[in-house]
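One letter stands for each residue in the lines below.
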Amino acid sequence: MSIIRPYGDTTGDGMVQLSFTLPVPHDKRAEGAAVQLANKMGMDPALLVHAKQMGDGFTFFVVYGKVNHLVDTDQVQVVERDFPLLSATEVNAAIKRRLRRRLNVVGACIGTDAHTVGIDAILNLKGIAGEKGLEYYSELSVTNMGAQVSVPELVETARERKADAVLVSQVVTQRDAHLQNTRAMSAAFREALPVGKRPLLIVGGPRFDELMADDLGVDRIFTRGTTPREVASYLVHALAAGSPTK
Amino acid sequence: MSIIRPYGDTTGDGMVQLSFTLPVPHDKRAEGAAVQLANKMGMDPALLVHAKQMGDGFTFFVVYGKVNHLVDTDQVQVVERDFPLLSATEVNAAIKRRLRRRLNVVGACIGTDAHTVGIDAILNLKGIAGEKGLEYYSELSVTNMGAQVSVPELVETARERKADAVLVSQVVTQRDAHLQNTRAMSAAFREALPVGKRPLLIVGGPRFDELMADDLGVDRIFTRGTTPREVASYLVHALAAGSPTK
Amino acid sequence: MAGKLDLDPRTVRTARRLAARAGQPVVDLARSHTTVSVERAVLRLAGVHGADQDGIPWVNRLVDAVRADVGLGHGVAVPVFHAMRSTGVDDITVLAQKAAAGAVRFDLPSTRAESTAARRAARSQAGAGLKVVDRRRRERDRLIKRFGDPRQRPWIYLIVATGDIYEDIPQAQAAARAGADVIAVIRSTGQSLLDYVPEGATREGFAGTYATQENFRLMRAALDETSKELGRYVRLTNYASGLCMPEIAALAGMERLDMMLNDSMYGILFRDINPIRTFVDQRFSRQVHARAGIIINTGEDNYLTTADAVEAAHTVTVSQLLNEFFAHEAGLEDWQLGLGHAFEINPDLPESFRLELAHALLARELFPDAPLKWMPPTKHMTGDVFRGNLLDGFFNLVGALTGQGILLVGMMTEAVVTPWLSDRDVALQNVRYVLNGAGSLHEDFVPAPGGFIQSRAHHVLSEAIELLEKIVDDSLLDAIADGTFGIMKRPADRGKGLDGVAKHDEDYYNPVTEALEQ
Amino acid sequence: MAGKLDLDPRTVRTARRLAARAGQPVVDLARSHTTVSVERAVLRLAGVHGADQDGIPWVNRLVDAVRADVGLGHGVAVPVFHAMRSTGVDDITVLAQKAAAGAVRFDLPSTRAESTAARRAARSQAGAGLKVVDRRRRERDRLIKRFGDPRQRPWIYLIVATGDIYEDIPQAQAAARAGADVIAVIRSTGQSLLDYVPEGATREGFAGTYATQENFRLMRAALDETSKELGRYVRLTNYASGLCMPEIAALAGMERLDMMLNDSMYGILFRDINPIRTFVDQRFSRQVHARAGIIINTGEDNYLTTADAVEAAHTVTVSQLLNEFFAHEAGLEDWQLGLGHAFEINPDLPESFRLELAHALLARELFPDAPLKWMPPTKHMTGDVFRGNLLDGFFNLVGALTGQGILLVGMMTEAVVTPWLSDRDVALQNVRYVLNGAGSLHEDFVPAPGGFIQSRAHHVLSEAIELLEKIVDDSLLDAIADGTFGIMKRPADRGKGLDGVAKHDEDYYNPVTEALEQ
Ligand code: B12
Ligand code: B12
Ligand SMILES: Cc1ncc(COP(=O)(O)O)c(C=O)c1O
Ligand SMILES: Cc1ncc(COP(=O)(O)O)c(C=O)c1O
């Protein structure tokens, strides 16, 4: 069946938990306002179980209740892995076979973001979750530019290294920094290089929505829990599948 | 201003936290389903920040995001206290003046519910939150029937004691036990006694919705954090205000 | 573990001696009375099963009929087996059905020979029931040997409470897979006041599922499967409590339940059941548990939901000492005493955590060989589930630091709903974190000599001794009437189920008690 | 508190001696170099303020002009004050503006008398800035006397990070009212790599608010109000870190900030700032902090976000010892050393909690007179906010058990967002519960002699000594280049800001250093 509902302790009960702050002091009206919000979110009945004033003008609420929305799993859009997951040997073999040269990858954490643990996990030998990073693949030539790289520097380096793929990481998301930076990056590549010369653009980070690739002007988005092998396999799929050279 | 939105860390950001379980194993589709639910609840963007499979067929999710609903505090319906909060002396004086006899109160926890702490807090001398219970009021004659009282017993006792008011507590709410029991109780009183002879019916408990009095056939509902003084003041308002006798 | 509080062994001995003196009159009372439920338990062990069309068990109909004809004071065994012989009915359930239809009249045997024959038949049939209990106990021992005990102490104890046995089963199995060592199926709110045990598989409880023989069987079978899958024997708990405590104990023995909630005073205080009825039922049910190798869980934790956990700490100790005395008297061994206590101090109180440690350690050191059941915060839980999960973590830590035997896992939604599937998962993760990360911290926990924790424990123990002295002087029944425990006042001549009590006549005969007291 | 680990004082002395030997070459380096930011700090103290239309501070324009004309090696003070005299401009900011417009040419005084005059003028003007710093320090002492210090240790340290100073202020005030003793205003992600200090009140930071003199002033004034309201002096923290560390230290001194994040290696490792640039800036900034009575917070916690908290535990110890050595060398006293460490062990690791206790206690006993800043879990926080709040509770408990001085309050949303208003409230409630309920539990916490905790602490200390020996042999710069700290490899000839470094010429003159080293 494709229609499901949240589950508290009985099939179909629809129960969920919600918490939020309203910018009002705590009184009955505030509680009513909290319930109104829960109702608007589709919770009915909405059980206000906790309300606590913080400072002068804010109140924190916890609400439990039944949502009447149905979830249709058939309607779920996901970016399914549409390429086979390859071993390192297979990746290397495919690149050798199709490109007849090493595939050049340039990675960086752009903007003012200095969170390198994620991109390092993908690129560095050490890897993550028991998988070695892309540096381990003999047919990949990896340049890891580190953190706080500006877009012009990135474009320049990509050009210099004749990058087949550019891997960008973005972890800070406050005020949509990650989206802004990614858009700036893809625009710069579009401007700097003609179609066909442009490297494959990949971004990653824990808070991206994988469905937004087109919107952000990149080829692919990777998010929470990505492993290097997935990225390597995708590179083969996108750059070293089909025709013998790109 | 009467229009407000949830507050994460900036005015108007609309941020809320949500958690729930879906009856599906954890995979990308499940995560998509979770986001779909959050979207249906009005969260956009909805950030899925945690997903954990439990057993074979369930996954627990935590979602953060921005709700686009507006809360209109002017539209909030609340049962405001529409009577003055009296001191014990005032309560006693009012009863003496108007009724010229003690006001009879019968309290019980009905059905199979055995949670007496709440009703005891209202009735017993000891009280709660620093306020003495109704037994403390010299002009109130209180009969506390305790727990697991059946509706016929309650009606019988109310009749015997010539109850002016019947106070019923309901704490267990699973499968709406509290609503069912309250409806059964009010129906029994309607059946047993003619209008005018029927005592004032009051229910209380932590999970009632104060707006449901009519629906449940009672005169008033008290909920979380009620204190004895509020109840005493309401009794005066409902039974010993206006005319000299009931 | 022992020795951290530097308790004076003489003081401890005094406390125990006082508890024995306070309890003895109640034991005497129990030895000289029977109840409808004790008698029904005898007949259940002797083979009566099933219920009439209205769901009233045949065993109730049979006891009612005997009682109507000859009273309860002789015990039902002799009149019933005498009737079997005289009517020629050889299936006891059939006899019950006939009795219900008014087709049998009960009387006492008129000759010594008839009497001896009836006793012999009763002894043999009830013995068959006890043999089932014995077989179950051996079976448990075998399965524990095969599957193994939990790797860690405390055992992790989780509740299911959907009201529907068929929802309970998968939830219980999921909980066991997620780490629960003990599963308790909470009962429907109303059951404790039913003077009969419902029949069959049930799906309509409120905030709990009915305790029935069939539900016991279904859940035990499901958990046997899961035990096998996990390579760890998962224990099952239910409630031998309320008006039918003796019968439920018998059913639990026959269906291999492993633990039973069974307290000497809970029914009196929290269900307003008559004190005498309770004490009589108690003693019998404990004798059955002793035989069945079932661990009892006492209910002192409940006192702290109505009384203040600091002020009333010593009442918990007193009750534990009484529960121990009654349990030993009924034949239970120390390893079967899951004495209850709880983390219920107001968390806003300064030093609340150290007070909890003091109380928990006192229980630990007073009862070094009992498993002790450590109950989570409930009273001071609110709808703030984030805070709730935190309190549960500190509760778990006290459990680990003081070597509790059985840890009832607290739920962050305690003040909101009966546990959701995800609540249990969050809660177990909490327990795992604490036991895994700080499970051996007790090695580094050494209450400062003469410091806060030791002084508090000594103080509670001395208050307990004072209270016990008072009880010895006045009587336990008076103490209960006065609201000593849980601030609930329960006079001995009030409460539910008193009419089901009867004083033994001189010729009272009960083949089960006889066997259990051998 | 001391003595729980039974550390050998000789071993501790060895560790300190090795740290001094490892650090001395870096001190020598710092003493023989200057940087653009050190020079700008001097001029800021001497009174340059404001910025041009593009937001570039006049002080940057001035130093750039001096540098273009005569280089940095002599220090800017003499050329600048010489120019003041020769141009007849008597407002130093006006001089900067003229210099920016190309209307001033700098050169070195040609006579000894001119040189002496320039030095004297510089000494006097920079001295005026230091007098402001001194006045602020006395003001702080007075306010602390008036309003009082927090009643408890650890001090409770909370972060605000909206990016908008006008949202930060009410949030900081609310946090203080809710119990925070220290407020830190997190900086916008980009600021550490800006080679200038932005000007004015700002509202557009990313994940933090710009550190500007005006923002400092606004926040300090707001917290003074709140301190008065609460009867407790609420401390304010910012970051003397990144490319402008010396200037920010000077601004902090002049605006009465109370604590500053200020680490000898953080900028190198986590911002890829050139090591030499950092060490030179470091020394100067610490001298200013010493004078201003500011408590520094070092950044060892950060290593454990990139390296493993168990494997790399000794690198934290080594870094603390180095930070201590550098701090003492710069004139800071023990009470000013908020040495950092963190609760970052994988919570799934067996005994994780006891390992945390061992590490935290080691820091405590190695640095008995330093306040120590205890940082919450971040790396192993996930989107499971219920678990997050639990971990924070156990982090708080370690803080209380090991007598940490400053407790940075962990947020359950660590892995999700910069803290929400409600996150802080939930987090403070957590801290309050732990400190209130278990704040004195350290009295009963006695690591078993020779047991897990003691052995672990001894082991980490011996690993630290080994590593220090290696650093003494190879040099600290090489160790940093090799990825010793936080697994970040940072060679001495790479990284940002190297071009802002200059070796002292023989006639180098810096009136501030001169005054601070008196
Ligand atoms: C470690 C850490 C740091 C370290 C970073 C060290 C370093 N060299 O990276 C230090 C201590 C320096 C740091 C500093 C700051 N941090 Co920080 N930090 C974290 C922390 C604790 C963990 C992040 C991490 O390493 N995750 C582990 C990695 C493996 O996961 P990941 O990044 O998601 O990567 C995986 C996938 O996303 C994916 N992926 C990621 N990138 C890419 C790229 C490609 C191409 C692909 C294919 C895949 C991919 O694959 C990876 C492996 O599976 C988080 C909190 C948390 N628990 O998440 C905060 C956090 C990310 N930091 C935060 C902030 C605000 C900061 C500061 C800005 C605070 C300040 N103002 O001072 C500073 C400044 C940093 C800056 N300028 O960017 C915020 C961001 C808030 C937001 N959502 O906007 C967080 C969430 C904490 C918080 N709640 O406030 N931080
Ligand atoms: C104490 C307690 C008990 C005690 C009760 C002792 C006693 N004599 O009352 C004991 C241990 C016996 C107990 C047993 C059970 N309990 Co209980 N118990 C609680 C607990 C911890 C606190 C309730 C309480 O005392 N609150 C304090 C009082 C003062 O608050 P209050 O009741 O809300 O009353 C205030 C207002 O609501 C109002 N009010 C209440 N009534 C009335 C009436 C009137 C007329 C007025 C004017 C006002 C008013 O005024 C009061 C003062 O402000 C809650 C969990 C929690 N933290 O809330 C669970 C809880 C209520 N119990 C629960 C359950 C399921 C049970 C059991 C059924 C479990 C079982 N199957 O064995 C049993 C059986 C009880 C039964 N048959 O009803 C559930 C109910 C779930 C649900 N929502 O349906 C809860 C929520 C726990 C849980 N999450 O599972 N329980
Ligand atoms: C000893 C004991 N019996 C029974 C119960 C449960 O109540 P009931 O008898 O209504 O099922 C409890 C409460 O947890 C208890 O502690
Ligand atoms: C010493 C130190 N400086 C600075 C920072 C913050 O980084 P930034 O310099 O980017 O503001 C930290 C991190 O918390 C730190 O520990």
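Residues numbered from 1 in each chain as written. Chains lettered and ligands numbered in written order. Predicted model: local features only at pLDDT ≥ 70, side-chain atom pairs only at ≥ 80, totals over all residues. Heavy atoms only, no water.

This next bit is on the relation of the copies chain B and chain A. By a simple turn and slide, chain B fits onto chain A: the slide is 0.0 Å along the axis, the RMSD is 0.1 Å, and the turn is 180 degrees. Such a combination of rotation and displacement between the chain copies is what one expects of a two-fold axis. Here 98% of the interface residues in chain B have copies in chain A that are interface residues too; the copies meet face to matching face. (Least-squares fit on C-alpha atoms with pLDDT ≥ 70 in both. Contact = heavy atoms within 4.5 Å.)

Looking now at the interface of chain D and chain A. Every contact between the two is made by 29 residues of chain D and, on the other side, 19 residues of chain A. Roughly 1800 Å² is buried in total at the junction of chain D and chain A, and carbon and sulfur atoms are behind 52% of that figure. Across the contact surface, chain D and chain A share one salt bridge. Between aspartate 425 of chain D and lysine 52 of chain A there is a salt bridge whose closest N-O contact spans 2.6 Å. Linking chain D to chain A there are 10 residue pairs in polar contact (both at pLDDT 80 or more). Looking at the side of chain D that touches chain A, the elements that each hand over two or more residues are helix H10 (266-271), helix H12 (303-306) and helix H16 (421-438) of chain D. Here the side of chain D that touches chain A gets five residues from one element, more than from any other, and that element is H16 of chain D. Considering only residue class, the side of chain D that touches chain A consists of 12 nonpolar, 11 polar and six charged. (Buried area = accessible area lost by both parts, 1.4 Å probe. Salt bridge = Lys/Arg side-chain N within 4 Å of Asp/Glu carboxyl O. Polar contact = N/O pair within 3.5 Å; in protein donor to acceptor, adjacent residues only side chain to side chain. Helix = DSSP H or I, 4+ residues; strand = E, 2+ residues; numbered from the N terminus. Nonpolar A, V, L, I, M, F, W, Y, C, P; charged D, E, K, R; others polar.)

Attention now moves to helix H4 (residues 77-87) of chain D. Residues and elements named next belong to chain D. Burial within H4 is extensive, with eight of its 11 residues counted as buried. Regarding H4, the residues found buried are Ala77, Val78, Pro79, Val80, Phe81, His82, Ala83 and Met84. At its buried positions, H4 is contacted by helix H2 (36-45), helix H3 (58-70), helix H5 (92-100), helix H6 (112-147) and helix H19 (511-516). Positioned one or two residues after H4, glycine 88 has a phi angle of 75 degrees, which is positive. (Buried < 20%, exposed > 50% of the residue type's maximum accessible area, 1.4 Å probe, protein only.)

Our focus in this paragraph is the site of ligand 2. Every one of the 46 residues lining ligand 2 counts as a neighbour, but His115 and Thr116 of chain B together with Ile186, Glu414 and Val417 of chain C are closest to it. More than one chain lines the surroundings of ligand 2; the residues nearby belong to chains B and C. Backbone polar atom of glycine 204 of chain B to a nitrogen atom of ligand 2: 3.4 Å apart, as the coordinates give it. One nitrogen or oxygen atom from the main chain of valine 416 of chain C is found 3.4 Å from a nitrogen atom belonging to ligand 2. Those elements that provide at least two residues to the shell around ligand 2 are helix H3 (117-123) and strand S8 (165-169) of chain B together with helix H10 (266-271) and helix H12 (300-306) of chain C. (Near = heavy atom within 4 Å.)

Now for the UniProt feature "domain: D-Lysine 5,6-aminomutase alpha subunit" (unreviewed entry) in chain C. This chain's UniProt record puts "domain: D-Lysine 5,6-aminomutase alpha subunit" (unreviewed entry) on residues 5-514 of chain C. Along residues 5-514 of chain C the backbone is 54% helical and 7% strand, and the end-to-end C-alpha distance reaches 42 Å. (UniProt positions renumbered as here; feature names shortened; annotations may be inferred.)

Moving on, we come to the site of ligand 4. Residues and elements named next belong to chain D. Every residue lining ligand 4 is accounted for by Arg187, Ser192, Tyr239, Ser241, Leu261, Asp263, Tyr266, Arg271, Gly299 and Asn302. Serine 241 is positioned with one of its side-chain polar atoms (N or O) 2.6 Å from a nitrogen atom of ligand 4. One of the side-chain N or O atoms of tyrosine 266 is found 3.1 Å from an oxygen atom in ligand 4. Protein burial of ligand 4: of its 390 Å² of free accessible surface, 89% is covered by the chains. In terms of residue class, the shell around ligand 4 is made up of three nonpolar, four polar and three charged. (Areas by Shrake-Rupley, 256 points an atom, 1.4 Å probe, with all protein chains shown as cover.)

A few words on the coordination of the cobalt atom of ligand 1. Its sole protein donor being His115 of chain A (NE2), the cobalt atom of ligand 1 sits 2.1 Å from that atom. Tracing the backbone through its elements, the reader meets histidine 115 of chain A in the loop between strand S6 (103-109) and helix H3 (117-123). (Donors = N, O, S within 2.8 Å, 3.2 Å for Na, K, Ca; no water.)

So, on to the sheet that holds strand S7 (residues 337-338) of chain C. Residues and elements named next belong to chain C. On the basis of which strands lie adjacent, the open sheet formed by nine strands has the order S7-S6-S5-S4-S3-S2-S10-S9-S8 and parallel pairing. Of all the strands in the sheet, the pair left with one neighbour each is S7 and strand S8 (340-342). Where strand S3 (residues 182-185) and strand S4 (residues 235-239) come together, three bridges link them in parallel fashion. Bridge pairing links alanine 184 to threonine 237 in S4. The strands touched by helix H8 (residues 213-230) within the sheet are strand S2 (155-160), S3, S4 and strand S5 (259-261), with S4 carrying the most contacts at an inclination of about 160 degrees. Strands S2 and strand S10 (406-408) of the sheet are contacted by helix H16 (residues 421-438), whose axis makes an angle of about 170 degrees with S2. (Pairing = 2+ DSSP bridges. Axes fitted to C-alpha atoms, helices over the stretch in contact; angles between N-to-C directions.)

Next up on the list: the interface of chain B and chain A. At the interface, 47 residues of chain B touch 46 residues of chain A. For the pair chain B and chain A, the summed buried surface comes to about 3900 Å²; carbon and sulfur atoms form 57% of the total. Between glutamate 210 of chain A and lysine 28 of chain B there is a salt bridge, with the nearest N and O atoms lying 3.0 Å from each other. Our count for the chain B to chain A interface comes out at 21 residue pairs in polar contact (both at pLDDT 80 or more).

Here the focus is the packing of aromatic side chains. The geometry of an aromatic ring pair is captured by the separation of the ring centres together with the interplanar angle, meaning the angle of the planes. Under the criterion given, the structure shown has 36 aromatic pairs over all chains. With a centroid separation of 4.6 Å and 50 degrees between ring planes, the pair formed by tyrosine 7 of chain A and phenylalanine 58 of chain B is classed as tilted. Residue tyrosine 7 of chain A is located in the loop between strand S1 (3-4) and strand S2 (15-22), and its partner phenylalanine 58 of chain B is located in strand S4 (residues 58-67); the two belong to separate chains. On the numbers, 5.8 Å between centres and 50 degrees between planes, the contact of phenylalanine 279 of chain C with phenylalanine 326 of chain C is tilted. Linking phenylalanine 279 of chain C in helix H11 (residues 275-292) with phenylalanine 326 of chain C in helix H13 (residues 313-329), this pair joins segments that are 47 residues apart in sequence. For phenylalanine 279 of chain C, a relative accessible area of 4% gives the class buried. Joined through ring pairs, the aromatic side chains of Phe353, Phe394 and Tyr433 of chain C together with Phe353, Phe394 and Tyr433 of chain D make up one cluster. (Phe/Tyr/Trp six-rings, centres within 6.5 Å; stacked < 30°, edge-to-face > 60°.)

Residues and elements named next belong to chain D. The element strand S4 (residues 235-239) is largely enclosed, with a buried count of five among its five residues. The two faces of S4 match: Arg235, Thr237 and Tyr239 on one face and Leu236 and Asn238 on the other face are all buried. A crossover links strand S3 (residues 182-185) with its parallel partner S4, the connecting element being helix H8 (residues 213-230), and its sense is right-handed. Pairing between S4 and strand S5 (residues 259-261): three bridges, direction parallel. Each residue of the ladder has a partner; that of asparagine 238, found in S5, is methionine 260. In this fold, S4 hands off to helix H9 (residues 245-254), which returns the chain to S5; that crossover is right-handed. (Right-handed = clockwise from strand over helix to strand, strands pointing away.)

Evaluation of the coordinates by the stated rule reveals 77 salt bridges over all chains. Of the charged contacts, one joins glutamate 324 of chain D and arginine 16 of chain D as a salt bridge, the two residues approaching to 2.7 Å between their closest N and O atoms. With glutamate 324 of chain D in helix H13 (residues 313-329) and arginine 16 of chain D in helix H1 (residues 9-31), this pair connects stretches of sequence that are 308 residues apart. The closest approach of N and O atoms between arginine 136 of chain D and glutamate 139 of chain D, which form a salt bridge, is 2.9 Å. Of this pair, arginine 136 of chain D and glutamate 139 of chain D both sit in helix H6, three residues apart, which is roughly one turn of that helix. Taking the relative accessible area as the measure of exposure, arginine 136 of chain D reaches 26% and is therefore partly exposed. Members of the salt-bridge network, linked through shared partners, are Arg136, Glu139, Arg140, Arg220, Asp224, Arg256 and Asp258 of chain C.

We now examine the domain arrangement of chain A. One frequently used descriptor of interface size is the decrease in accessible area upon assembly of the parts. Domain boundaries assigned for chain A yield domain 1 (3-73) and domain 2 (88-239). For domain 1 of chain A and domain 2 of chain A, the distance between their C-alpha centroids amounts to 40 Å. (Domains from an automatic or database assignment.)

This part takes up unusual backbone geometry. In this model, aspartate 44 of chain A is joined to proline 45 of chain A through a cis peptide bond whose omega is 0 degrees. The phi dihedral of arginine 175 of chain A falls on the positive side, at around 50 degrees, and the residue is not glycine. Structurally, the position occupied by arginine 175 of chain A is in the loop between strand S8 (165-169) and helix H5 (177-192). For arginine 175 of chain A, a relative accessible area of 36% gives the class partly exposed. Despite not being glycine, aspartate 6 of chain D has its phi angle at roughly 55 degrees, a positive value. With respect to the helices, strands and loops of the structure, aspartate 6 of chain D is situated in the segment before H1. Here aspartate 6 of chain D falls in the exposed class, since its relative accessible area comes to 56%.

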